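# Survey of secondary and tertiary structure
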Amino acid sequence: MPKKRERLDVIHDILKVIQDNNNSMKPTRLLYASNLSPQMFKDYLDELTQKKFIIELQDGKKKKYYSLTDKGFEFLQKYQEIRSFIENFGL
Amino acid sequence: MVFSEINTFLLTAFNENRPLVELVYALIIVLASGAIFHKFLKYYRLSSYRGFRYLGNAFLFFGLAFLLRFFWIEGQLFGYLVEGTVLYALFFLAFGYLVMIGGLYLVYSLIWKHFEKGSVTSPQCARLHAKIKATHIYYLHGFAVAIAVLDYFFSPERQYFMFLSQLTVIGYAWLMVFSNYKSQKDHKTGMQLYLIALTLAFVGFLANFLTDFIQPIFPVYIVYVYFITTMVFIDMLYAVIMVPKCQKNAKD
């Protein structure tokens, strides 16, 4: 059985998907890519928006999409370092 | 012969320059603790991962304890702080509390996942567990206050309750980190250094606990106790500096 992803890993996966998609992704596609239930997905999206990791924008056709903020990029950049600290100090 | 000469030199230097020794000792520990706290706070702000906050808090409290200790000892050395006064009692209680809560936060940083299980898996659980977590933290503070008060009334000379509790707490943390270390195939540098820091911390608290019994027959003993305590914080700071470097090297 695959190991259940931790909160930190889910956040990383969501941000990574947006980054790999030219830093722009629509909510429905992001939901599929995140592999989460709609309720969980909403919770994560709220948290990421609230913490300013992502920003909700609208395109020319008034359709919603998400982009990473500087803080979101910083999280992705430091993710391995964060993981390394957690493993090294047994946190 | 050489060893005994070194010991005599160390003890003379220690006794003749005590205020300066205390200043350097406090500076090293407070600065190292501050740097460790700052690093973990930075990661906590970025990731909201509670383990960072708990370990960071441990060093915040250790740093504050040694800062307070500096003023406490210097006050006594220069005759401003006299035993039996209210101010002395406040310093005594605050130091005992700060060291104890630091040790408790250190252990909690290793076991918090068991108490706040869901908080690492979803934001919804994280919010719920933030409320539960507050209760655990109150218990930790309550325990630290209780130990400080017990020492004040029953062990005002050497704070035996605090030292015995710290030995238990650090010993438990050491066992947990050692078991993590043994279970990993590739022994990580940061974990090795953390294990060394905890070993030194245990030895340091044990040495402090035994001071009254050993120092009368081996006066230079106190200098070694100071040295071991300083090494704990230097080693921990080194571990915190080394982890990102090792991770970067592994990536390259």
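This text goes with the structure placed above it.
Predicted model, so just to flag it, every value in this text is computed and none were measured.

### Side note on the side chain of E81 of chain A
As for its placement among the helices and strands, E81 of chain A is situated in helix α4 (residues 70-88). Of the side chains bearing the opposite charge, K78 of chain A lies closest to the buried E81 of chain A, which forms no salt bridge; the N-O distance is 4.4 Å. In contact with E81 of chain A, not counting residues within four places along its chain, are Y43, P244 and Q247 of chain B.

### Things to note about the interface of chain A and chain B
Every contact between the two is made by 26 residues of chain A and, on the other side, 37 residues of chain B. Where chain A abuts chain B, roughly 2,800 Å² becomes buried across the two surfaces, and 63% of that area is made up of carbon and sulfur atoms. Linking chain A with chain B are 2 salt bridges. As a salt-bridge pair, K188 of chain B and E87 of chain A come within 3.5 Å of each other at their nearest N and O atoms. One can count 7 residue pairs in polar contact (both at pLDDT 80 or more) joining chain A with chain B. At the level of secondary structure, the elements contributing two or more residues to the side of chain A that touches chain B comprise α1 (7-20), α3 (38-50) and α4 of chain A. Per-element accounting of the side of chain A that touches chain B gives the leading share, 12 residues, to α4 of chain A. Taken together, the residues that form the side of chain A that touches chain B break down as 10 nonpolar, 4 polar and 12 charged.

### Structural notes on the packing of helix α3 (residues 50-77) of chain B against helix α4 (residues 86-115) of chain B
Residue and element names in this part refer to chain B. Packing of α3 against α4 leaves a shortest axis separation of 8 Å and a crossing angle of 160°. When the interaxial angle is binned, α3 and α4 end up roughly antiparallel. As for the relative orientation of α3 and α4, their crossing is left-handed in sense. Classifying every residue of the contact of α3 with α4 by side-chain character gives 23 nonpolar, 6 polar and 2 charged.

### A closer look at α4 of chain A
Residues and elements named next belong to chain A. With 19 residues, α4 extends 27 Å between its outermost C-alpha atoms, agreeing within 8% with the 27 Å of an ideal straight helix rising 1.5 Å per residue. Bending of α4 peaks at approximately 50° at the position of K78. Inspection of α4 places G72, F75, L76, Y79, E81, I82, R83, S84, F85, I86 and N88 among the buried residues, and these make up the whole buried set. Positive backbone phi, at 60°, marks G90, one or two positions downstream of α4.

### What to know about the pairing of strand β2 (residues 64-68) of chain A
Residues and elements named next belong to chain A. In this sheet, β2 lies alongside strand β1 (residues 54-58) in antiparallel orientation, the contact comprising 5 bridges. Counterpart to Q58 in the pairing with β2 is K64. Taking the residues that link successive antiparallel strands as the turn, the β1-β2 hairpin has 5 residues, and the phi of K62 there is positive, at about 65°.

### Considering helix α6 (residues 160-183) of chain B
Over its 24 residues, α6 of chain B extends 34 Å from the first C-alpha to the last, a length consistent with the 34 Å expected when each residue adds 1.5 Å. For α6 of chain B, every residue scored as buried is listed here: M162, F163, S165, Q166, L167, V169, I170, G171, A173, M176, V177 and Y181 of chain B.

### Considering the nonpolar core
Formed by 95 residues in total, the largest nonpolar core has its most connected members in F89 of chain A together with F52 of chain B. Broken down by element, the residue count for this core peaks at 16 residues, all from α4 of chain B.

### Quick look at the side chain of D9 of chain A
All names here are of chain A. With respect to the helices and strands, D9 occurs in helix α1. There is a polar contact of 2.5 Å between the side chain of D9 and the side chain of Y79. Other than its neighbours up to four places away in sequence, D9 contacts Y79 and R83.

### What to know about the pattern of salt bridges
Taken as a whole, this structure holds 13 salt bridges over all chains when the rule is applied. With a closest N to O distance of 3.0 Å, K42 of chain A and D46 of chain A form a salt bridge. In this pair, K42 of chain A and D46 of chain A are both assigned in helix α3, 4 residues apart and thus about one turn of the helix distant. Overall, K42 of chain A belongs to the partly exposed group, its relative accessible area being 44%. Here E22 of chain B makes a salt bridge to R18 of chain B, at a shortest N to O gap of 2.9 Å. Taken together, the residues E22 of chain B and R18 of chain B, both in helix α2 (residues 18-47) and 4 residues apart, mark about one turn of the helix. Each of E6, D9 and R83 of chain A together with K113 of chain B takes part in a single network of salt bridges with overlapping partners.

Cut-offs applied
Residues numbered from 1 in each chain as written. Chains lettered and ligands numbered in written order. Predicted model: local features only at pLDDT ≥ 70, side-chain atom pairs only at ≥ 80, totals over all residues. Heavy atoms only, no water. Helix = DSSP H or I, 4+ residues; strand = E, 2+ residues; numbered from the N terminus. Buried < 20%, exposed > 50% of the residue type's maximum accessible area, 1.4 Å probe, protein only. Lys, Arg positive; Asp, Glu negative; His and termini not counted. Salt bridge = Lys/Arg side-chain N within 4 Å of Asp/Glu carboxyl O. Contact = heavy atoms within 4.5 Å. Buried area = accessible area lost by both parts, 1.4 Å probe. Polar contact = N/O pair within 3.5 Å; in protein donor to acceptor, adjacent residues only side chain to side chain. Nonpolar A, V, L, I, M, F, W, Y, C, P; charged D, E, K, R; others polar. Axes fitted to C-alpha atoms, helices over the stretch in contact; angles between N-to-C directions. Parallel < 35°, antiparallel > 145°, perpendicular 65-115°, else oblique. Left-handed = near helix turned anticlockwise from the far one by under 90°. Expected span 1.5 Å × (residues − 1). Bend = angle between axes of the 7 residues up to and from the residue. Pairing = 2+ DSSP bridges. Core = buried A, V, L, I, M, F, W, Y, C linked by side-chain atoms within 4.5 Å.

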